[in-house]
Amino acid sequence: FLLILVGFYLPNIGGLFYGRAWNAPFLIYMNQSNDYHDLAINSINLDQLLRSSNKLNYQIMQPLMILITILIFAIVVIYLLNYRFDLMHNFVPLAAWVVWTCYLFLPAMHERYDFVVEILLLIASFISIKYLPIFMTVMIIDSIVYCNYLFNTGENTAVLSVIMLITYGIDTCLLFIKGNKKKLIIRLDE
């Protein structure tokens, strides 16, 4: 937990030295969610498939999308606690999956968060070739989306969202089903 705080405050140390309050980094990040009232900002995620990017739907869908994300993480935590998940060999793919889950399901996600997914999937591709098609698919979709942003080429976000969600599902299966060969831990003492 302390490493998270160090990683959070280290980039903000300059502002802290110049008089910002200790809670300023938290307040800045929490207030940013009030700046954008879109569930997807130039990104391909579940919201693009649902087509709910207006203010009324944002107020309805924002808590729902957060709950979906929490539910996904809760299911994975239960899975990780009940299976002997090989974290040593699956750390980078798991990190990519965590960031990707946030990108796909949390509201107001910008395409720059998907760039982190790309970098982690590239590293995962060097570790295991099975992640290369996933990396290539994400890279191509992100390139199409970013070209639309730069040149207004007009991509079909619903189709790209379906492809992205299918790719995410394949990645999830590779990571948690194919990538974990260890057996279930049966706990009789609880």
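Analysis parameters
Residues numbered from 1 in each chain as written. Predicted model: local features only at pLDDT ≥ 70, side-chain atom pairs only at ≥ 80, totals over all residues. Heavy atoms only, no water. Helix = DSSP H or I, 4+ residues; strand = E, 2+ residues; numbered from the N terminus. Expected span 1.5 Å × (residues − 1). Bend = angle between axes of the 7 residues up to and from the residue. Buried < 20%, exposed > 50% of the residue type's maximum accessible area, 1.4 Å probe, protein only. Core = buried A, V, L, I, M, F, W, Y, C linked by side-chain atoms within 4.5 Å. Contact = heavy atoms within 4.5 Å.

Visitor: Which residues make up helix H6 (residues 87-105), and what are the values?
Guide: The end-to-end C-alpha distance of H6 is 24 Å, clearly below the 27 Å that 19 residues give at a rise of 1.5 Å each. Its axis deflected by about 40° at Pro-93, H6 carries its strongest bend there. Listed in full, the buried residues belonging to H6 are Asn-90, Val-92, Pro-93, Leu-94, Ala-96, Trp-97, Trp-100, Thr-101, Tyr-103, Leu-104 and Phe-105.

Visitor: So what about the nonpolar core? Which residues, and what values?
Guide: Residues Trp-97, Trp-100, Leu-104, Leu-121 and Phe-176 are the most contacted members of the largest nonpolar core, which totals 34 residues. Listing elements by their share of this core, those giving two or more residues are helix H5 (55-82), H6, helix H7 (111-127), helix H8 (132-151) and helix H9 (157-178). The greatest single-element share of this core, amounting to eight residues, is contributed by H6. Residue contacts for Leu-121: discarding those within four places in its chain leaves Ala-96, Trp-100, Tyr-131, Ile-134, Phe-135, Val-138 and Asp-171.

Visitor: Before we move on, could you go through the environment of Ala-96 and cite the residues and values that matter?
Guide: Counting through the fold element by element, Ala-96 comes out in helix H6. In this structure Ala-96 touches Val-117, Leu-120 and Leu-121, once residues within four positions along its chain are discounted.

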